[in-house]
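# Report on the structure
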Amino acid sequence: MTTATPLGLKLGEWFWKKRLQPHLFRRTAGDAHLETVRRLKQLQSMNALPLLRYLYRSSYYQMPLKVFGTEWGNPVGLAAGFDKQLEIIRALEALGFGSIEVGTIVPFPQFGNPEPRVFRYPDTLSICNRYGFNSDGVLVIAERASQLHRFGPRVAIPIGYSIGKNAWTPNERALGDYLLVLHALRNQLRPQDWVQVNISSPNTKDLLGLFRTIEEFLHGFTEGARNVAWKLWRPGEVNERGGSFPNRYVLKLPPDNMSPDMLYRIAETAARYEFAGLEEGNTTTSETLKHRYGIVDKDGVPEVGGASGEAVRELSTGVLRDLSGAAKRLRIDRVGVGGISAPKHALEKRAAGAQAVQLYSGLVFRGPGLVHEILEVWRK
């Protein structure tokens, strides 16, 4: 039995389809993203969050569940990459997400790759980006987190902090960058938050090569994280956010070249080092898929960067399915990411073993009403 859609959500959907999306689609994909962030920041500063809740927060937004060892508000999270610089958490929470990931955050400020670096393909509901971890740097973002937690209403949902390395840091020194970011964020991590270790982006040179030495890398990360915690707190002490240093780490996986044997190796390694979960997945560089979904330049050459949206949906869902058996036996949570632009896609991820999902590209084409649509079918 389908419940009637509240008036506020109907108005929000009308405003998205008739006003917001046409306006944003007249701009380049990069400019549209910047304007979306700017407008949400304005609404935050104007204390207009009740308006966002009225127009877009689902009547089913309170569907709590345990994922990554923490309680999400509902099973629909926002993937990293939308709020790269931790600027619009309160506005995103008002839209009704069950969790929010920010970043990817790197130690020192960097612009990322040259523009243009993100492209929209509405006909195939796909996006290609080559941002390259553009970041204000961890010190700026840690200060924003501090302000977020010190002033204003409490953020009720968990926040995931996606962390990475600077573009100029070679892989043999990458571990130091990840631990530096972790150390700088230490006092802002609440007991319900997590840290997502991003070594799967195809837009930072050679980053994916860290999967070749995944055991060594995760061992070093885990030991380094324990050292950070020990230097800060003795047993029984708490940090200024009110909880002990969280041992809640999540690994984001690439969808490309992931054989069942490789997935088992990753899952087993993550379990050995007590990672709380795995996210599948990041963007794809498959030229076959780029050709199939029209992600090519004016000369018909596959666009450089990682493809997301519909272009990666079946691939990432298949990898999730292959991963889930081993991960379930090892008691590692799975979150499905990639190509969710309709409620049925979220259900596909759940059938493939995901306990929750994260959105990004689907929001570009469907708008914030997609969260409500997914929750409406997920609860049944």
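Residues numbered from 1 in each chain as written. Predicted model: local features only at pLDDT ≥ 70, side-chain atom pairs only at ≥ 80, totals over all residues. Heavy atoms only, no water.

## Topic: the sheet that holds strand 12 (residues 333-337)
Short version of the rule: Between any two strands, at least two bridges found by DSSP are needed for them to pair. Strands are runs of DSSP state E lasting at least two residues, helices are runs of H or I lasting at least four, and both sets are numbered from the N terminus onward. Axis definition: a line fitted to C-alpha atoms, limited for helices to the stretch in contact. Angles are taken between N-to-C directions and run from 0 to 180 degrees.
Here eight strands make up a closed barrel; going around it, the order is 3-4-7-8-9-10-12-13 and the pairing parallel. The sheet shows a mean angle of 25° between the axes of neighbouring strands, taken without regard to direction. With three bridges connecting them, strand 3 (residues 76-83) and strand 13 (residues 356-359) associate as parallel partners. When the bridges of strand 13 are listed, Leu 78 appears paired with Leu 359.

## Quick look at the packing of helix 5 (residues 138-150) against helix 6 (residues 174-185)
For any two helices packed against each other, the geometry is given by the interaxial angle and the distance between the axes. Keep this limit in mind: Here the word oblique covers every angle except those under 35 degrees (roughly parallel), over 145 (roughly antiparallel) and from 65 to 115 (roughly perpendicular). Should the near helix be turned counterclockwise from the far one by less than a right angle, the crossing is left-handed, whereas a clockwise turn marks it as right-handed. Between two residues, a contact is recorded if the distance between any of their heavy atoms is within 4.5 Å. Put simply, Ala, Val, Leu, Ile, Met, Phe, Trp, Tyr, Cys and Pro go in the nonpolar bin, Asp, Glu, Lys and Arg in the charged bin, and everything else, Gly too, in the polar bin.
At a closest axis distance of 9 Å, the pairing of helix 5 and helix 6 adopts a crossing angle of 25°. For the element pair helix 5 / helix 6, the angle class is roughly parallel. Two packed elements cross with a definite hand, and for helix 5 against helix 6 that hand is right-handed. Seen from helix 5, the contacting residues are Val 138, Leu 139 and Ala 142; seen from helix 6, they are Val 181, Ala 184 and Leu 185. Residue composition of the contact of helix 5 with helix 6, grouped by class: six nonpolar, no polar and no charged.

## Comments concerning the pattern of salt bridges
Under the convention used in this document: Any Lys or Arg side-chain nitrogen located within 4 Å of an Asp or Glu carboxyl oxygen qualifies as a salt bridge. Throughout this description, buried means an accessible area under 20% of the type-specific maximum (1.4 Å probe, protein chains only), exposed means over 50%, and partly exposed covers the range between.
Applying the stated criterion across every chain yields a total of 18 salt bridges. Between Arg 265 and Glu 215 there is a salt bridge whose closest N-O contact spans 2.7 Å. Taken together, the residues span a long stretch of sequence, with Arg 265 in helix 8 (residues 260-272) and Glu 215 in helix 7 (residues 214-232) at a distance of 50 residues. According to the relative accessible area criterion, Arg 265 is partly exposed, its value standing at 26%. Note on Glu 215: relative accessible area 25%, which makes it partly exposed.

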